[in-house]
Amino acid sequence: MVNSKVIREALVYYEEGNESRWIDAVGNNVVKRILAPGMASNDAAPYKPTSLITTVTETGAGSCTIVPSATAGEVLVLTTDDAEYEGLNVQLRGEAFKISTGKPFYFGIKCKISDATQSDLLVGMCQLKTDLLKTAAAHGVTAAAVEGLFFLKADAATTIKAKGYLVGVEVLTANAATVEDTAMHIYEIYYDGATVYWYLDGLLVTSLAASLPTEDLTPSINVRAGENAAKVLRIAWMKAIQIN
Amino acid sequence: MVNSKWIREALVFYDGDNQARWLDALGNNVVKYELETGTPVDDTTGDPTRFVTTVVEAGAGDSLTINAEAAGEKILITDAANEFDGVCLTLRGEAFKVTAGTPFYFGIKIKPSRTDADFLIGVGETLTAYLAAAAHTVIAAALEGAFFGVNTTAAVKALVYKDNALSSTADAATALTVTAAHIYEILWDGEYLNFYYDGTLVTQTKTTLPDGDLTPFLHVRNGSANVTTFTVSWMRCIQIN
């Protein structure tokens with residue numbers, strides 16, 4: 001059931017039994033973006049949604065795509081091309097969110113990757129950067145200039161980790177769970193104004209109160225193939241809300 | 001704090017300290033628009049796709065509208081470097097109207113970078129330009145709506161136009177300041193058009209009101225041959241029909 005509470009004079013709706021899962025918020029100091037069905041897109045492949053900055057990596061024939069889902073309960077489907085490292089780096093335009101003392105925010109995404117092992121996946125809040133994950137030679141975070149708070153699953157591993165980066169340097173890594181490709185999972189990052197918490201399916205994974213990002217951030221996704229076969233990321237919902 | 005009340009069977013959320021500042025509304029009879037975080041833009045032109053965008057740039061350089069890359073801000077408009085260069089953004093469609101008994105709210109928080117800027121912001125009939133091409137005045141022809149306007153260093157005014165003619169004017173503030181964003185709001189309560197500057201009532205009028213269909217717009221320009229930026233933190237328009 002949905003409950004509500006007042007935070008910094010804004011009205012925040014949250015899930016009863018899980019106060020760190022924000023549903024929506026109303027207030028003059030609220031900055032938010034909730035992905036909605038029917039996102040407007042450009043006409044040609046990869047059909048980039050107009051409210052997202054989409055950077056495609058594809059070396060051969062074929063095409064990565066990012067399209068509104070044709071499945072009930074989902075909003076977006078990202079499909080990589082069929083060679084290793086091919087994929088999409090997707091970020092909400094602008095950088096409207098920031099770790100700022102006393103100004104809580106929430107990021108959440110419910111999604112499913114089609115291959116638990118042979119894929120790269122990053123979801124969370126990052127600074128704008130067209131290649132959050134490496135595009136050749138090795139799998140993992142492009143450390144240089146990456147700043148943010150996110151979940152990461154690297155190719156060849158099935159463990160998804162909570163990660164924190166500050167000015168290109170990893171400041172936190174913690175195993176969250178073993179990824180599976182048969183069900184949707186909910187990845188959430190909640191900042192209470194002092195400490196950042198990572199949650200997987202509603203369970204606390206880890207937290208971080210020092211060395212937090214100082215730059216402006218935006219909701220971010222990066223998905224890549226870990227082998228010569230296309231991978232699919234299905235997104236049921238994604239939202240980011242901050243009370244300034 | 002956020003409060004809520006019923007208006008014409010719709011649930012309206014408002015600022016608990018300011019009933020004229022509507023935050024959101026729910027209801028089958030609600031028409032609303034809020035400038036989005038991650039405002040969609042055309043992949044080729046870079047123009048916001050929900051707006052009719054008209055750019056004026058007389059010489060070299062570009063007048064641009066982009067998503068602001070700063071926390072808490074939505075869009076950043078940067079005019080090119082010549083006097084009268086600027087951008088006119090008009091929300092597509094004309095979904096709002098001054099109709100007796102069906103209130104609406106328009107609000108915007110905006111900050112210019114120079115005090116000698118021109119702007120006209122509010123709700124009006126769709127035009128590709130609200131300000132004259134080579135003079136610091138409004139284009140009266142075809143102008144209809146309720147808005148705030150300033151030309152160069154003059155005082156910011158609350159303005160009402162009907163059938164191409166000025167029907168109400170009042171000073172809203174002294175000349176523009178660039179040290180902080182200000183909030184400009186128009187509340188049609190179903191009987192009076194009320195204008196607010198930073199939450200303070202400036203003027204109200206109930207006669208010779210616009211009767212055309214209206215839409216939120218902002219037309220911002222340089223008042224001199226200097227680049228001016230305009231940062232919009234938020235903009236929304238809500239009507240209860």
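Residues numbered from 1 in each chain as written. Chains lettered and ligands numbered in written order. Predicted model: local features only at pLDDT ≥ 70, side-chain atom pairs only at ≥ 80, totals over all residues.

Description of the overall build of chain B
Reasoning step 1: The secondary structure content of chain B amounts to 0 helices and 19 strands.
Reasoning step 2: By the compact-globule yardstick of 18 Å for 241 residues, chain B fits well, its C-alpha radius of gyration being 17 Å.
Reasoning step 3: Dimensions along the principal axes, computed over C-alpha positions, put chain B at roughly 55 × 35 × 30 Å.
Reasoning step 4: Classification of the 241 residues of chain B by burial places 48% in the buried group.
Reasoning step 5: For chain B, the share of sequence-separated contacts (at least 6 apart) that also reach a separation of at least 24 residues comes to 62%. (Helix = DSSP H or I, 4+ residues; strand = E, 2+ residues; numbered from the N terminus. Rg over C-alpha atoms; globule rule 2.2 N^0.38 Å. Buried ≥ 20, exposed ≤ 12 C-beta atoms within 10 Å, placed from the backbone. Contact = placed C-beta atoms within 7 Å.)

Digging into the environment of A:Ala230
Residues and elements named next belong to chain A.
Reasoning step 1: Of note, Ala230 is situated in the loop between β18 (216–225) and β19 (232–243).
Reasoning step 2: For Ala230, a count of 18 C-beta atoms within 10 Å puts it in the partly exposed group.
Reasoning step 3: Beyond its immediate sequence surroundings of up to four residues, Ala230 is in contact with Thr79, Thr80, Asp81, Asp82 and Ala225.

Structural notes on the interface of chain A and chain B
Reasoning step 1: Each side of the interface is counted separately: chain A has 27 residues, and chain B has 23 residues.
Reasoning step 2: Every element with two or more residues in the side of chain A that touches chain B is listed here: β2 (10–15), β4 (30–34) and β9 (97–98) of chain A.
Reasoning step 3: For the side of chain A that touches chain B, the element with the highest residue contribution is β4(A), accounting for 3 residues.
Reasoning step 4: Tallied by class, residues from the side of chain A that touches chain B come to 11 nonpolar, 8 polar and 8 charged. (Nonpolar A, V, L, I, M, F, W, Y, C, P; charged D, E, K, R; others polar.)

A word on the pairing of strand β18 (residues 213–221) of chain B
Residues and elements named next belong to chain B.
Reasoning step 1: For β18, a buried count of 8 out of 9 residues is recorded, marking the element as mostly surrounded by other parts of the structure.
Reasoning step 2: Bridge analysis of strand β8 (residues 86–91) against β18 gives 5 bridges, and the strand direction is antiparallel. From the neighbouring strand, Cys88 faces β18, where its bridge partner is His219.
Reasoning step 3: Looking at chain direction, strand β9 (residues 96–97) and β18 are connected through 2 bridges and run antiparallel. When the sheet's bridge partners are listed, Lys97 is paired in β18 with Asp213.
Reasoning step 4: Here strand β11 (residues 118–124) runs beside β18; their pairing, made up of 7 bridges, is antiparallel. Each bridged residue has a counterpart across the sheet, and for Leu120 the counterpart in β18 is His219. (Pairing = 2+ DSSP bridges.)

Some details on the nonpolar core
Reasoning step 1: By size, the foremost hydrophobic cluster in this structure holds 132 residues, and its most contacted members are A:Val123, A:Met125 and B:Ile121.
Reasoning step 2: In terms of residue count, the dominant contributor to this core is strand β19 (residues 229–240) of chain B (7 residues).
Reasoning step 3: Each residue touching A:Met125, except ones within four places of it in the same chain, is listed here: A:Phe97, A:Phe107, A:Gly148, A:Leu149, A:Phe150, A:Ile189, A:Leu217, A:Thr218, A:Pro219, A:Ser220 and A:Ala240. (Core = buried A, V, L, I, M, F, W, Y, C linked by C-beta atoms within 7 Å.)

Describing the sheet that holds strand β1 (residues 2–7) of chain A
Within a sheet, each strand pairs with its neighbour through backbone hydrogen bonds, oriented either parallel or antiparallel.
Residues and elements named next belong to chain A.
Reasoning step 1: An order of β1-β2-β3 is seen for the 3 strands of this open sheet, with the pairing classed as antiparallel. The sheet is open, and its two edges are formed by β1 and β3 (18–26), each paired on a single side. Ignoring which end each strand starts from, the neighbouring axes of this sheet average 40° apart.
Reasoning step 2: When β1 meets β2, the two strands line up antiparallel, connected through 6 bridges. Looking at the pairing, Asn3 lines up with Tyr14 of β2. (Axes fitted to C-alpha atoms, helices over the stretch in contact; angles between N-to-C directions.)

Topic: the pairing of strand β3 (residues 18–26) of chain B
All names here are of chain B.
Reasoning step 1: Note: strand β2 (residues 10–15) against β3, 5 bridges, orientation antiparallel. Following the sheet pairing, Leu11 is matched in β3 by Leu26.
Reasoning step 2: Linking β2 back to β3 in an antiparallel pair, the connection comprises 2 residues.

Some words on the sheet that holds strand β1 (residues 2–7) of chain B
Residue and element names in this part refer to chain B.
Reasoning step 1: Taken in spatial order, the 3 strands make up an open sheet running β1-β2-β3, and their pairing is antiparallel. What marks the edges here is a single partner per strand, and that holds for β1 and β3. Taking the axes of each pair of neighbouring strands and ignoring which way they run, one obtains an average angle of 40° across the sheet.
Reasoning step 2: Bridging between β1 and β2 involves 6 bridges; their strand directions are antiparallel. Following the sheet pairing, Ser4 is matched in β2 by Phe13.

Notes on the environment of A:Leu78
Residue and element names in this part refer to chain A.
Reasoning step 1: Following the sequence through the fold, Leu78 ends up in strand β7 (residues 76–79).
Reasoning step 2: Classification of Leu78 as buried rests on a count of 25 C-beta atoms within 10 Å.
Reasoning step 3: C-alpha separation for the pair Leu78 and Thr130, spaced 52 residues apart in sequence, amounts to 16 Å.
Reasoning step 4: Excluding residues that lie within four positions of it along the chain, Leu78 makes contacts with Ile66, Leu88, Val90, Val223 and Leu233.

What about the confidence of the model for chain B?
Reasoning step 1: Mean pLDDT over chain B stands at 93; residues scoring 70 or higher make up 100%.
Reasoning step 2: Our summary of model confidence lists the complex with pTM equal to 0.93 and ipTM equal to 0.88. (pLDDT = per-residue confidence, 0-100.)

Quick look at unusual backbone geometry
Residues and elements named next belong to chain A.
Reasoning step 1: The amide bond that connects Ala45 to the next residue, Pro46, takes the cis arrangement and shows omega of 10°.
Reasoning step 2: Checked against the element boundaries, Pro46 lands in the loop between β4 and β5 (52–57).
Reasoning step 3: Phi is positive for Arg8, close to 50°, though the residue is something other than glycine.
Reasoning step 4: Relative to the helices and strands, Arg8 resides in the loop between β1 and β2.
Reasoning step 5: By C-beta crowding, Arg8 is classed as partly exposed, having 15 other C-beta atoms within 10 Å.
Reasoning step 6: The backbone of Tyr47 shows a phi angle near 60°, a positive value even though the residue is not glycine.
Reasoning step 7: Take Tyr47: it is sitting in the loop between β4 and β5.
Reasoning step 8: Tyr47 gets classed as partly exposed once you count the C-beta atoms within 10 Å, which come to 17.

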